[in-house]
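# Notes for the structure review
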Amino acid sequence: NNPSSSLSLQSNSVALSLAEGCMHEVFVSSIVGGGHVFLQQPYHPTFHALERLDACMTKIYSQFQCPALPAPVQVNTVCVAAYEGGWYRCQVVSVDESAGQCDIKYLDYGGYHTLSLEDLKQIRTDFLTLPFQAIECYLANITPKDDENVSAFVLEELIAHQIVQARMIGSNEAGVPMIHLYRSVAGQTTMVNKELVYRSCALWLETTIVKLETPTEVAASA
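How each quantity is defined
Along each chain, residues carry numbers from 1 onward, in the same order as the chain's sequence is written. Whole-chain, interface and lining totals are the exception, using all residues; otherwise, since this is a predicted model, local features are given only for residues with pLDDT of at least 70 and side-chain atom pairs are given and counted only at 80 or more. Water and hydrogen atoms were dropped before computing side-chain values, which therefore reflect all heavy atoms in the structure. Starting at the N terminus, helices and strands are each numbered in turn, a helix being any DSSP run of H or I of at least four residues and a strand any DSSP run of E of at least two. Remark: exposure states derive from per-residue accessible area (1.4 Å probe, protein chains only) relative to the maximum for the residue type, with buried under 20%, exposed over 50%, and partly exposed in between. Contacts are assigned to residue pairs with any non-hydrogen atoms lying within 4.5 Å of each other. Here, the term disulfide refers to a pair of cysteine sulfur atoms separated by no more than 2.5 Å. Classification of ring pairs uses Phe, Tyr and Trp, with its six-membered ring standing for Trp, and accepts pairs whose centres are within 6.5 Å; under 30 degrees between planes counts as stacked, over 60 as edge-to-face, and the remaining range as tilted. Here, a charge over a ring means that NZ of Lys or CZ of Arg falls within 6 Å of the ring centre while also lying within 35 degrees of the ring normal. The pairing criterion for strands is at least two bridges between them, as found by DSSP. To define axes, lines are fitted to C-alpha atoms, for helices over the stretch in contact only, and angles between the resulting N-to-C directions are given on a 0 to 180 degree scale. Here a helix's expected span is defined as the number of its residues, less one, multiplied by 1.5 Å. Arc, as used here, means the arc of the directions from the helix axis to the C-beta atoms.

### Looking at the overall build of the protein chain
- Secondary structure summary: the protein chain contains four helices and 13 strands in total.
- Taken over 222 residues, the protein chain has a buried fraction of 44%.
- At a minimum sequence separation of 6, the contacts of the protein chain that also span at least 24 residues come to 64%.

This is the structure:
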């Protein structure tokens with residue numbers, strides 16, 4: 001139970017990513033705010049194994065006494081969390097030792113949650129072979145208006161329970177993908193980012209957070 005052996009995202013299982021500029025068929029699995037989402041790729045070859053992994057982890061962690069996380073719990077530790085009868089892979093984002101709580105990010109479904117440290121258990125290495133399925137993203141070119149909840153509700157109304165398309169156009173300073181989301185409405189493709197603006201839930205920003213160099217600019221600077 002050496003804390004230094006706590007699994008950290010940097011050194012272990014692979015997280016899925018988006019290829020820049022390409023259209024990806026995605027499902028929005030979690031909405032954090034009007035401009036902040038987690039995506040799953042339901043047609044990715046590894047996705048079908050997630051249901052089996054969830055069932056296996058729930059069976060193991062519900063039936064057996066599995067080891068708690070070594071104290072003090074380290075930020076970035078990858079572990080499993082109990083949630084509504086199931087057990088899910090997560091990463092520790094912050095720790096409040098005095099309250100016995102921590103904030104976690106779900107690695108396969110996305111979203112954040114505050115849990116008791118007692119609700120977390122060490123993860124078995126064989127449960128790390130499947131790539132983490134949730135991809136955290138921000139919607140590019142928009143800033144939700146102050147009342148984040150309204151934009152989140154409208155976003156959910158626009159894209160819930162359907163496969164949509166995402167195109168990554170860059171990353172923010174933290175390396176999180178910035179995306180345009182597209183959905184099909186009556187045979188027409190519309191950009192969800194702009195729909196949020198049309199519905200007065202967000203402001204349109206011409207600039208993305210990072211400046212993307214086009215091939216011509218790269219050639220000109222060479």
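Don't stop here, the text continues.
### Considering the state of the cysteines
- Considering all chains together, one arrives at zero disulfides under this definition.
- Summary of cysteine pairing: C79 is not part of a disulfide, and the nearest cysteine sulfur, belonging to C90, is at 3.6 Å.
- Summary of cysteine pairing: C102 is not part of a disulfide, and the nearest cysteine sulfur, belonging to C79, is at 6.8 Å.

### Some thoughts on unusual backbone geometry
- The peptide bond linking A71 to P72 adopts the cis configuration, its omega dihedral lying at -10°.
- Tracing the chain through its elements places P72 in the loop between α1 (49-63) and β3 (78-83).
- Positioned with a positive phi, N76 is a non-glycine residue whose angle comes to about 80°.
- By secondary structure assignment, the location of N76 is in the loop between α1 and β3.
- Positive phi outside glycine occurs at A186, with the angle close to 50°.
- Relative to the helices and strands, A186 resides in the loop between β11 (177-185) and β12 (188-191).
- We classify A186 as exposed; its relative accessible area is 81%.

### Some thoughts on the packing of aromatic side chains
- As enumerated under the stated definition, the model contains five aromatic pairs in all.
- When the ring of Y61 is compared with that of F127, the centres are 6.1 Å apart and the planes differ by 45°; the resulting orientation is tilted. In this pair, Y61 sits in helix α1 while F127 sits in the loop between β7 (120-121) and β8 (135-139), placing the two residues 66 residues apart along the sequence.
- Take Y61: its relative accessible area is 5%, and that puts it in the buried class.
- On the basis of relative accessibility, which here comes to 2%, the residue F127 falls in the buried class.
- Above the face of the W204 ring, K194 is positioned so that its terminal group lies 5.2 Å from the ring centre.

### As for the pairing of β11
- Within β11, seven of the nine residues are buried, leaving the element largely enclosed by the surrounding structure.
- In this structure, β8 lies alongside β11, joined through two bridges in parallel fashion. Pairing of Y138 across the sheet is with M178, part of β11.
- Both strand β10 (residues 164-171) and β11 contribute to a ladder of six bridges, which runs antiparallel. Note that in β11 the partner of G170 across the bridge is M178.
- Counted between consecutive antiparallel strands, the loop separating β10 from β11 contains five residues, among which G175 sits at a positive phi close to 85°.
- By the bridge criterion, four bridges tie β11 to β12 in an arrangement that is antiparallel. Residue pairing across strands places S184 opposite T189, the latter belonging to β12.

### Structural notes on the side chain of H36
- By the secondary structure assignment, H36 is in strand β2 (residues 36-40).
- With relative accessibility at 12%, the residue H36 sits in the buried group.
- For H36, the contacting residues outside a window of four places in its chain are I31, Y112, E136, C137 and Y138.

### Notes on the sheet that holds strand β5 (residues 101-106)
- In spatial order, the strands read β6-β5-β4-β3-β7; together these five strands make up an open sheet with antiparallel pairing. Of all strands in the sheet, those bounded by a partner on one side alone are β6 (112-116) and β7.
- Contacting β3, β4 (86-96) and β7, α1 crosses the sheet at an angle of about 75° to β4.

### Things to note about α1
- An ideal rise of 1.5 Å per residue puts 21 Å on 15 residues; α1 measures up with 21 Å between its terminal C-alpha atoms.
- Taken as a whole, α1 has its buried residues at A49, L50, L53, D54, M57, I60 and Y61. All buried residues of α1 fall inside an arc of 140° around its axis, so they share one side. Seen from the buried face of α1, the exposed residues on the opposite side, beyond 90 degrees, are E51, R52, K59 and Q63.
- Each element contacted by the buried residues of α1 is listed here: β2, β3, β4 and β7.

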